[in-house]
Amino acid sequence: AQSVTQLDSHVSVSEGTPVLLRCNYSSSYSPSLFWYVQHPNKGLQLLLKYTSAATLVKGINGFEAEFKKSETSFHLTKPSAHMSDAAEYFCVVSLVKYNFNKFYFGSGTKLNVKP
Amino acid sequence: GAGVSQSPSNKVTEKGKDVELRCDPISGHTALYWYRQSLGQGLEFLIYFQGNSAPDKSGLPSDRFSAERTGGSVSTLTIQRTQQEDSAVYLCASSLAGTLQETQYFGPGTRLLVL
């Protein structure tokens with residue numbers, strides 16, 4: 001069973017317009033949730049994470065995400081896209097399975113920002 | 001401070017040869033993860049080391065894949081009798097204690113091409 005689903009493989013926005021990258025998860029328990037970003041030819045970097053504190057999480061570079069348990073979602077948003085936001089974004093859920101900590105990565109969403 | 005380093009950065013090999021990929025985690029991090037990122041796909045978990053505990057090998061795709069972590073620090077991922085489908089970017093990450101809420105710090109990856 002898929003633990004995390006990123007609903008869009010590609011998203012294209014114009015510079016200065018809002019960004020919405022969607023992520024849904026499946027978990028029997030309250031998971032920890034993360035968004036990582038991978039810029040071209042660079043390593044993955046943490047954007048933000050939810051660990052059962054505030055449901056609205058603020059990250060770096062103006063990104064934020066809201067944990068909605070009723071919708072099993074953790075969508076990533078930014079009010080105004082910048083050219084430098086063009087990258088691939090991964091939603092990650094962590095949970096315990098068979099007594100091991102497991103980290104499940106979504107398939108990624110490539111964000112294109114048009115001038 | 002120094003981040004996670006991986007070597008080599010690129011490796012081209014012939015089908016049937018063995019390869020070794022190396023990961024140096026951040027000093028003091030007890031948890032170490034290996035992932036595989038194939039073209040156009042998300043990250044696939046391979047193996048996870050946590051301190052002196054038995055590693056979680058559940059993600060290794062076949063018995064041609066193995067990994068060691070010596071002295072709780074450096075790790076080596078070995079692929080025996082490489083196949084063309086092994087071509088991918090192999091990513092290593094480390095975290096301080098391996099808890100579900102922790103940030104993983106990723107290395108730049110080793111790009112493996114099997115001809």
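Before going further, it helps to spend a moment on the confidence of the model for chain A. Averaged over all residues, the pLDDT of chain A is 91; the fraction at 70 or higher stands at 98%. For chain A, strand S11 (residues 100-105) of chain A is the element with the lowest average pLDDT, namely 84, and strand S3 (residues 19-21) of chain A is the one with the highest, namely 98.

With an omega of -10°, the peptide bond between Ser7 of chain B and Pro8 of chain B qualifies as cis. In this structure, Asn61 of chain A is a non-glycine residue whose phi angle is positive, near 60°. Inspection of the secondary structure puts Asn61 of chain A in the loop between strand S7 (56-58) and strand S8 (64-68). Located in the positive-phi region is Thr72 of chain A, a residue other than glycine, with phi close to 45°. Within the secondary structure, Thr72 of chain A is located in the loop between S8 and strand S9 (73-78).

Further remarks concern the pairing of strand S3 (residues 19-24) of chain B. All names here are of chain B. Covered by surrounding structure in S3 are Val19, Leu21 and Cys23 only, the residues Glu20, Arg22 and Asp24 on the alternate face being uncovered. Note: strand S1 (residues 5-7) against S3, 3 bridges, orientation antiparallel. What sits directly across from Gln6, in S3, is Cys23. Bridging between S3 and strand S7 (residues 75-79) involves 5 bridges; their strand directions are antiparallel. Looking across to S7, one finds that Val19 is bridged to Ile79.

Tallying each qualifying case throughout the model produces 8 salt bridges over all chains. Across the pair Asp8 of chain A and Arg22 of chain A runs a salt bridge, and its minimum N-O distance is 3.0 Å. Of this pair, Asp8 of chain A sits in the loop between strand S1 (4-6) and strand S2 (10-14) while Arg22 of chain A sits in the loop between S3 and strand S4 (23-25); the two residues are 14 residues apart in sequence, bridging distant segments of the chain. A salt bridge links Glu14 of chain B to Lys17 of chain B, with the nearest nitrogen and oxygen atoms 3.7 Å apart. According to the relative accessible area criterion, Lys17 of chain B is partly exposed, its value standing at 43%.

On the chain B side, the residues contacting the 22 residues of chain A number 23 residues. Contact with chain B buries area across many residues of chain A, yet Asn101, Phe103 and Phe105 of chain A alone supply 32% of it, more than any other trio. At the surface where chain A touches chain B, the tally comes to 1 salt bridge. Here Asp56 of chain B makes a salt bridge to Lys102 of chain A, at a shortest N to O gap of 2.7 Å. Joining chain A to chain B, the criterion identifies 7 residue pairs in polar contact (both at pLDDT 80 or more). Among the secondary structure elements, those contributing two or more residues to the side of chain A that touches chain B are strand S5 (32-38), strand S6 (44-50), strand S10 (87-97) and S11 of chain A. Here the side of chain A that touches chain B is composed, by residue class, of 10 nonpolar, 9 polar and 3 charged.

What counts as what
Residues numbered from 1 in each chain as written. Chains lettered and ligands numbered in written order. Predicted model: local features only at pLDDT ≥ 70, side-chain atom pairs only at ≥ 80, totals over all residues. Heavy atoms only, no water. pLDDT = per-residue confidence, 0-100. Helix = DSSP H or I, 4+ residues; strand = E, 2+ residues; numbered from the N terminus. Buried < 20%, exposed > 50% of the residue type's maximum accessible area, 1.4 Å probe, protein only. Pairing = 2+ DSSP bridges. Salt bridge = Lys/Arg side-chain N within 4 Å of Asp/Glu carboxyl O. Contact = heavy atoms within 4.5 Å. Buried area = accessible area lost by both parts, 1.4 Å probe. Polar contact = N/O pair within 3.5 Å; in protein donor to acceptor, adjacent residues only side chain to side chain. Nonpolar A, V, L, I, M, F, W, Y, C, P; charged D, E, K, R; others polar.

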